[in-house]
Every structure is written in structure tokens, then in C-alpha cells.
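What follows is the residue order along each chain.
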Amino acid sequence: MDVVLRGGPGDGRVVRGGPESVVWGACLYERTTDVSQVHGRDLRVYRHRPDCCEPFGRGSEDRCE
């Protein structure tokens, strides 16, 4: 299933999505209830988690694992 990313470095990018989250580059995007029309298709929106990008660190302190 294709999804659209919102926020962060992947903003506006259409990628293959998983059921609850997508990892793009070094960042985590989480599923929302929003739907956006992109190139004539309705796609589920996955929102960027800024605390889960690699430059911010990953692990137990930011609950990204």
C-alpha cells in the first residue's frame, strides 16, 4: 500500500507503507487517520516523529525501538 509522509525530511514523499509505521531514511513515521489526495489518489498520511530521527538518537530514552 502506498502512503504519503508528512513532516520531517521525507515530507510529501510517497512510499510503500506498513500497518502502523514506516521507517524512511533514519526517521520514523507513524500512521494517522488522515487521508490526502496525491496525484489523483487518496493516500493514508504517516506523520513524522521528530524524536525518532537518527540525529536525535534512538533507543530507550526516546521510546523509538
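Just so we're clear, the structure is a prediction, and the values are computed from it rather than from any experiment.

Q: For this particular structure, what's the right way to read the overall build of the chain?
A: When you go through the chain residue by residue, the secondary structure sums to zero helices and five strands. Along its sequence from the N terminus, the chain presents helices and strands in the succession β-β-β-β-β. With 65 residues in all, the chain has 34% of them scored as buried. Carbon and sulfur atoms make up 47% of the accessible area of the chain, which totals about 4,100 Å².

Q: Any chance you could explain the environment of valine 14 here in plain terms?
A: Structurally, valine 14 can be placed in strand β2 (residues 14–16). Take valine 14: its relative accessible area is 31%, and that puts it in the partly exposed class.

Q: Just to check I follow, could you spell out the pairing of strand β4 (residues 27–38) for this structure?
A: Along any regular strand, the residues point their side chains to alternate faces of the sheet. Sheet topology note: the strand β3 (residues 21–24)/β4 ladder contains four bridges and is antiparallel. Pairing of valine 23 across the sheet is with leucine 28, part of β4. In sequence, β3 turns back onto β4 through a hairpin of two residues, with glycine 25 there showing a positive phi of about 60°. Pairing of β4 with strand β5 (residues 41–48) involves seven bridges; the strand directions are antiparallel.

What counts and what doesn't
Residues numbered from 1 in each chain as written. Predicted model: local features only at pLDDT ≥ 70, side-chain atom pairs only at ≥ 80, totals over all residues. Heavy atoms only, no water. Helix = DSSP H or I, 4+ residues; strand = E, 2+ residues; numbered from the N terminus. Buried < 20%, exposed > 50% of the residue type's maximum accessible area, 1.4 Å probe, protein only. Areas by Shrake-Rupley, 256 points an atom, 1.4 Å probe, with all protein chains shown as cover. Pairing = 2+ DSSP bridges.

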